[in-house]
Amino acid sequence: MNRSFAIPAALLHRPWVLWLVCWSVGGGVALFSFAPFGWWPLLMVGLAWLFRTLARAAYLRDAAAASGFFAHGYFTVGLSWLAVALARYGGLPWGVAAVAVALLAAYLALWWAIAGGITHWLWRRLGTVRALVPAALWTLAEWGRGGLLTGFPWLMPGFAAAHDAGPLALFNGWFPIVGALGVTFLMVALAAAWGNAPRRLQTWGITFGVCVAGWGLGQIAWSEPAAPPVTVSVIQTVVAQDEKWDTRRWQTHFTELTRKVARAKGAVVVTPETVLPLFESDLPQTWRAALVAAFAQGNDAHAPDASNRTLLLGLFRRDATGIHNALTTLDGRWHYDKRQLVPFGEFVPPGFHWFVRWLAIPFADQVPGVANPSLGAWQRAHWAANICYESAFARWVVRDVRRGAQILVNASNFAWYGKTHGQWQHAQIGRARALETARPWIQAVNAGVSAVFDAQGRTVAIAAPWRDAVLDAVIVPQQGLTPFVRWGGEASVVFLALALLGAVLSRRGRNRVRC
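Residues numbered from 1 in each chain as written. Predicted model: local features only at pLDDT ≥ 70, side-chain atom pairs only at ≥ 80, totals over all residues. Heavy atoms only, no water.

Draft legend 1. Main features of the overall build of the protein. From N to C terminus, the protein includes 17 helices and 14 strands. Counting all 515 residues of the protein, 58% fall into the buried class. Residue pairs at least 24 apart in sequence account for 73% of intrachain contacts in the protein once pairs closer than 6 positions are excluded. Carbon together with sulfur atoms contributes 64% to the accessible area of the protein, which is approximately 20,900 Å² in total. (Helix = DSSP H or I, 4+ residues; strand = E, 2+ residues; numbered from the N terminus. Buried < 20%, exposed > 50% of the residue type's maximum accessible area, 1.4 Å probe, protein only. Contact = heavy atoms within 4.5 Å. Areas by Shrake-Rupley, 256 points an atom, 1.4 Å probe, with all protein chains shown as cover.)

Draft legend 2. Local environment of the pattern of salt bridges. Enumeration according to the criterion identifies 16 salt bridges in this entry. Salt-bridge contacts for R458 lead to D454; the nearest nitrogen and oxygen are separated by 2.8 Å. Here R458 falls in the partly exposed class, since its relative accessible area comes to 40%. (Salt bridge = Lys/Arg side-chain N within 4 Å of Asp/Glu carboxyl O.)

Draft legend 3. Representation of the sheet that holds strand β13 (residues 469–475) in the model. One open sheet holds the six strands; their spatial order is β6-β5-β4-β3-β2-β13, and the pairing between them is mixed. Each edge of the sheet is formed by a strand with only one pairing partner; in this case those strands are β6 (335–337) and β13. Geometrically, the sheet is characterised by an average inter-axis angle of 30 degrees between neighbouring strands, direction not taken into account. (Pairing = 2+ DSSP bridges. Axes fitted to C-alpha atoms, helices over the stretch in contact; angles between N-to-C directions.)

Draft legend 4. Structural detail: the packing of helix α11 (residues 250–263) against helix α12 (residues 285–297). For the pair α11 and α12, the least separation of the axes is 7 Å and the interaxial angle reads 25 degrees. Between α11 and α12, the interaxial angle falls into the category roughly parallel. Contact with α11, carried on its side by W250, Q251, F254, L257, T258, V261 and A262, involves W287, A290, L291, A294, F295 and Q297 of α12 and no other residues of that element. Here the contact of α11 with α12 is built from residues that sort into 10 nonpolar, three polar and no charged. (Parallel < 35°, antiparallel > 145°, perpendicular 65-115°, else oblique. Nonpolar A, V, L, I, M, F, W, Y, C, P; charged D, E, K, R; others polar.)

Draft legend 5. Focus on the nonpolar core. Membership of the largest hydrophobic core comes to 130 residues, with the highest contact counts inside it found for W154, F171, W383 and I442. Tallying contributions element by element places helix α8 (residues 175–196) first for this core, with 15 residues. Once residues within four sequence positions are removed from consideration, W383 is found in contact with V230, V232, V268, L375, G376, W378, I407, V409, I442 and I475. (Core = buried A, V, L, I, M, F, W, Y, C linked by side-chain atoms within 4.5 Å.)

Draft legend 6. Quick look at the packing of aromatic side chains. Within the structure shown, the criterion is met by 27 aromatic pairs. Arranged with centres 6.4 Å apart and planes meeting at 70 degrees, the rings of W23 and F70 form a pair that is edge-to-face. Of this pair, W23 sits in helix α2 (residues 16–29) while F70 is found in helix α4 (residues 60–78), placing the two residues 47 residues apart along the sequence. Exposure remark for W23: the relative accessible area of 4% places this residue in the buried category. Members of the aromatic cluster, connected to one another through ring pairs, are W23, F34, W49, F51, F70, Y74, F75, W112 and W138. Between the NZ or CZ atom of R130 and the centre of the ring of W123, over which it lies, the distance is 5.5 Å. (Phe/Tyr/Trp six-rings, centres within 6.5 Å; stacked < 30°, edge-to-face > 60°. Lys NZ or Arg CZ within 6 Å of the ring centre and 35° of its normal.)

Okay, here's the thing in structure tokens:
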């Protein structure tokens with residue numbers, strides 16, 4: 001690679017702190033690509049700027065540093081809402097909470113730094129297939145950080161492209177084919193082309209083709225009705241986290257819950273995660289009777305699916321293996337135990353019990369549920385549940401759909417994080433899962449955002465955050481597998497990325513470029 005690709009000397013002579021801040025701010029601005037803002041092209045512009053720098057960097061360390069600083073700003077700002085839980089409810093000083101988030105962001109940014117460094121190294125030696133190299137490496141990096149050490153796939157770039165119907169829904173049609181991870185591949189590939197060949201007609205021709213193909217694929221129905229339409233109700237409670245464990249307020253919160261249950265008209269009613277912070281076995285009989293009575297009030301005799309109604313309650317459950325974060329029917333005949341637990345919040349990694357004791361988080365030593373839990377069978381449909389940030393892990397959702405799930409339900413509690421953008425990011429992940437699987441997605445969230453999305457990812461009903469609400473909606477159970485689910489979910493995308501990377505490496509001897 002000739003010297004014209006070196007970073008200008010004037011830039012290199014500036015203070016390194018300014019350089020770090022510049023890249024961190026650039027990554028931080030990408031927050032506006034995600035919900036509630038939804039300007040996902042902004043992330044691609046930022047990545048294009050990054051990839052242009054990688055091509056011009058004189059040294060591998062410069063490329064890795066630029067990628068790492070950009071990613072650190074991206075994750076620090078995008079995940080800043082975590083500090084609320086650590087400081088306001090976990091007992092940490094705000095400064096320590098900020099450092100903890102920054103350290104998590106540094107770990108996540110390391111994946112992008114490695115991908116950026118390898119991209120630069122390959123570009124200098126191969127000089128070909130520039131767009132596909134970072135696309136493959138970023139895809140592998142995102143898959144890696146989503147799986148290693150329990151994984152944390154939040155803020156995957158592909159999630160930003162999951163939109164309601166409209167001009168920004170151009171990538172929606174790609175989700176049933178390649179999932180959010182594959183959409184990440186496409187976004188990175190286009191951004192790399194924008195950054196390195198912005199004046200080439202081919203770049204914009206490919207961009208136009210990808211967007212048009214996404215629109216066209218979005219017109220395909222990848223699933224079909226499996227049962228008659230079902231009326232559902234989603235209850236959104238608003239209980240601040242510092243009040244949730246205050247036993248003096250439990251009766252007030254329970255009374256408000258029963259009022260919402262009585263208002264719910266759906267054949268299936270979903271409540272948020274741990275809507276009552278009790279063990280199922282400890283639920284007072286008087287409270288259980290009150291819920292039964294309130295549930296009977298909401299029965300709409302004129303609805304075709306009014307018989308055999310089901311109320312799903314978020315509770316804790318205890319068995320021989322330990323404590324579970326669960327979603328259970330009011331009659332106790334069915335339950336789901338959370339499989340993907342939150343490190344430090346729901347389980348304690350080895351050697352970190354001292355840290356969890358410092359945080360003073362209740363029920364922080366839970367055990368995961370079985371990998372293949374039983375599906376709910378209500379209203380002639382099969383229902384699969386997940387809890388809280390399990391929705392960010394495609395493997396669980398894909399597994400459930402392959403086992404026959406026709407409707408997907410998520411119960412969450414976002415009061416931990418205050419009035420922040422994290423609530424909207426969570427809802428956007430739910431939309432992405434609906435698009436990937438062609439299944440209706442229902443999520444009931446304490447403090448919001450509660451929503452119902454149809455099998456095309458369109459909003460059927462949604463509640464504003466931090467407002468009490470009961471959403472009544474009609475959904476259609478779906479059957480049939482999307483290509484993404486049929487081909488094995490993210491595993492197929494990873495295989496494609498490895499195959500493309502292998503094809504690029506096989507050209508090393510034929511397309512060597514001078515360093």
